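# An overview of the molecular structure
The residues making up each chain are set out below.
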Amino acid sequence: MAETTRAGFVALIGEPNAGKSTLLNRMVGAKVSIVTHKVQTTRARIRGVCMEGQAQIVFVDTPGLFRPRRRLDRAMVAAAWGGAADADIIVLLVEAHRGLTEGTAAIIDTMKDRIPQGQKVALAINKIDRVKAETLLALSAQLNEAFPFVETFMISAEKGYGVDKLREWLASEMPEGLWFYPEDQIADLPMRMIAAEITREKLTLRLHEELPYQLTVETEQWEDRPDGSTRIDQVIYVARDGHKGIVLGNKGETIKAIGQAARIDLVAFLERPVHLFLQVKVRPNWLDEPDRYSEMGLDFKDGD
Ligand SMILES: Nc1nc2c(ncn2[C@@H]2O[C@H](COP(=O)(O)OP(=O)(O)OP(=O)(O)O)[C@@H](O)[C@H]2O)c(=O)[nH]1
């Protein structure tokens with residue numbers, strides 16, 4: 001008989017620099033965590049998906065959990081805690097060598113206020129490679145006194161110590177249910193999606209608030225060439241002709257800069273030469289005729 005499938009959400013929280021990204025990359029691997037980097041759920045950001053046996057663990061991160069200094073920040077903080085409270089498990093990451101800092105104490109205080117009764121919170125003491133065993137035991141006791149953690153893990157996200165144990169435990173805690181993402185989608189699709197996500201990120205950085213709403217990037221062609229390079233063809237879809245002009249920029253300057261920046265990241269990611277071809281197409285409302293599409297192709301080769 002097939003094993004029961006499990007699926008759920010894990011919110012990783014902790015002070016800046018606690019090692020959240022390093023831990024995610026260890027557990028999920030670079031591919032999926034990049035793909036899902038910018039995907040927004042209602043209240044949390046999906047950072048990665050990992051399979052452990054028959055369990056699918058979706059990691060979310062909730063930016064802005066810190067003490068609000070300005071009024072504006074308060075709404076963000078409330079949203080962030082909402083995101084954490086939606087998760088099946090919260091993991092609080094603490095740096096072993098820094099101990100129970102003011103920042104961690106503030107997070108714990110807020111958890112006591114905002115986390116619903118019964119919500120499971122686990123403690124992961126990270127960077128154990130930096131401290132002695134005695135220090136660790138004392139810190140664990142101190143933190144467990146401050147909050148009723150359901151489990152405590154001693155890990156080094158960087159060196160990989162204890163990470164498998166944490167992942168296996170998280171998997172066992174996921175509720176029974178269907179997976180949120182098909183398994184093959186996690187394993188295979190990422191490359192094209194990552195590439196599209198990278199270009200999208202450059203568009204966001206470059207265009208800021210000018211960025212046309214309803215803009216999508218799709219990787220249409222992917223060719224690993226015999227000479228060791230990769231050719232990637234992408235289309236940036238915008239909703240209106242006017243938006244196309246914004247993305248292209250004066251004499252195509254904007255899209256050129258976007259293509260160059262995206263290519264640099266793609267080379268770093270794929271560790272091989274990349275030829276990136278970007279086109280901007282207008283994809284108007286469904287009712288509009290496809291032959292009204294206008295396009296423009298540009299090639300960003302090595303050395304551009
Ligand atoms: N010695 C040691 N360093 C670690 C470990 N895990 C992470 N680091 C380092 O700690 C620093 C911060 O790690 P990140 O993973 O970027 O931390 P983060 O929590 O994602 O930080 P923000 O994005 O600012 O929230 C990096 O320089 C990591 O290399 C560990 O287990 N041991």
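So, how was this worked out
Residues numbered from 1 in each chain as written. Predicted model: local features only at pLDDT ≥ 70, side-chain atom pairs only at ≥ 80, totals over all residues. Helix = DSSP H or I, 4+ residues; strand = E, 2+ residues; numbered from the N terminus. Buried ≥ 20, exposed ≤ 12 C-beta atoms within 10 Å, placed from the backbone. Contact = placed C-beta atoms within 7 Å. pLDDT = per-residue confidence, 0-100. Near = placed C-beta within 6 Å. Nonpolar A, V, L, I, M, F, W, Y, C, P; charged D, E, K, R; others polar. Pairing = 2+ DSSP bridges.

### Regarding the overall build of the protein chain
- Looking only at helices and strands, one finds ten helices and ten strands in the protein chain.
- The proportion of buried residues among the 304 residues of the protein chain is 35%.
- Of the contacts made within the protein chain by residues no fewer than 6 positions apart, 67% connect residues no fewer than 24 positions apart.

### Considering the confidence of the model for the protein chain
- Confidence along the protein chain averages 80 in pLDDT terms, with 75% of residues attaining 70 or more.
- Per-element mean pLDDT across the protein chain ranges from 36 in strand β10 (residues 297-300) up to 98 in strand β6 (residues 152-154).
- Across residues 30-43, where pLDDT falls below 50, the model places 34 contacts with residues more than four positions away in sequence or in other chains.
- For the stretch residues 286-304, pLDDT sits under 50, and the model shows 29 contacts to residues farther than four places along the chain or on other chains.
- As a predicted assembly, this complex carries a pTM of 0.64 together with an ipTM value of 0.97.

### What about the site of the ligand?
- Residues in close proximity to the ligand total 16 residues, the closest being G19, K20, S21, T22 and E158.
- No other element matches helix α1 (residues 20-28), which puts three residues into the shell around the ligand.
- Residue composition of the shell around the ligand, by class: three nonpolar, seven polar and six charged.

### Concerning the pairing of strand β8 (residues 230-238)
- The pairing of strand β7 (residues 216-224) with β8 spans eight bridges and is antiparallel. Bridging from a neighbouring strand, T219 pairs with Q234 of β8.
- Hairpin geometry of β7 and β8 is characterised by an intervening segment of five residues between the two adjacent antiparallel strands and by a positive phi of about 95° at G228.
- Pairing of β8 with strand β9 (residues 274-282) involves nine bridges; the strand directions are parallel. Counterpart to V238 in the pairing with β9 is V282.

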